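Summary of structural features
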Amino acid sequence: IIKLSQTSAVKLPSANFQTSMLIMGRSIGPQTGITCVQFALVRELRDVLDTVLGPSPVNQAVAYGAASVPLIAGKYNLLFADVYTHFRVATPEVPGETRAQFWMRQWQTKIRPGL
């Protein structure tokens, strides 16, 4: 069983409209850039699949899944990091966790379930 969220003793405050707009202003550039890369990659992967396997409607879905799952997970994590940064709250950490363990946990809880 994979625990998809990590609880924290530190609660984030509620965000009013102004706060939401400040966070959006900070995150809209990276989110838009990643989305552009995501859809360009989907198109390129679809073209490669069409060339290698022959045209098929399935190629679009496979290309979208392969390109989008990790990038959407990255966008999601960046957005949460922006929210924590805005409120000056440290992101929840696992005590004693190495960098490799952190990335393995990210894979297991954020990306792999989407696949």
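The structure we're discussing is the one just above.
Residues numbered from 1 in each chain as written. Predicted model: local features only at pLDDT ≥ 70, side-chain atom pairs only at ≥ 80, totals over all residues. Heavy atoms only, no water.

1. Some remarks on the overall build of the protein
When helices and strands are tallied, the protein shows 3 helices and 0 strands. In sequence order, the protein lays out its α and β elements as α-α-α. Counting over 115 residues, the protein shows a buried share of 20%. Restricting to contacts in the protein with at least 6 residues of sequence separation, those with at least 24 account for 71%. (Helix = DSSP H or I, 4+ residues; strand = E, 2+ residues; numbered from the N terminus. Buried < 20%, exposed > 50% of the residue type's maximum accessible area, 1.4 Å probe, protein only. Contact = heavy atoms within 4.5 Å.)

2. Things to note about unusual backbone geometry
A positive phi angle, close to 55°, is found at Arg88, a residue other than glycine. By relative accessible area, Arg88 is classed as exposed at 78%.

3. A closer look at the side chain of Ser27
Position of Ser27 relative to the elements: it lies in helix 1 (residues 17-53). Residue classification places Ser27 among the buried residues on the basis of a relative accessible area of 4%. Apart from the residues within four sequence positions on either side, Ser27 is in contact with Leu79 and Asp82.

4. Topic: the packing of helix 1 against helix 2 (residues 57-86)
Helix 2 packs onto helix 1 with a crossing angle of 165° between their chain directions and a minimal axis gap of 8 Å. Comparing the axis directions of helix 1 and helix 2 gives the class roughly antiparallel. As helix 1 packs across helix 2, the resulting crossing turns out to be right-handed. (Axes fitted to C-alpha atoms, helices over the stretch in contact; angles between N-to-C directions. Parallel < 35°, antiparallel > 145°, perpendicular 65-115°, else oblique. Left-handed = near helix turned anticlockwise from the far one by under 90°.)

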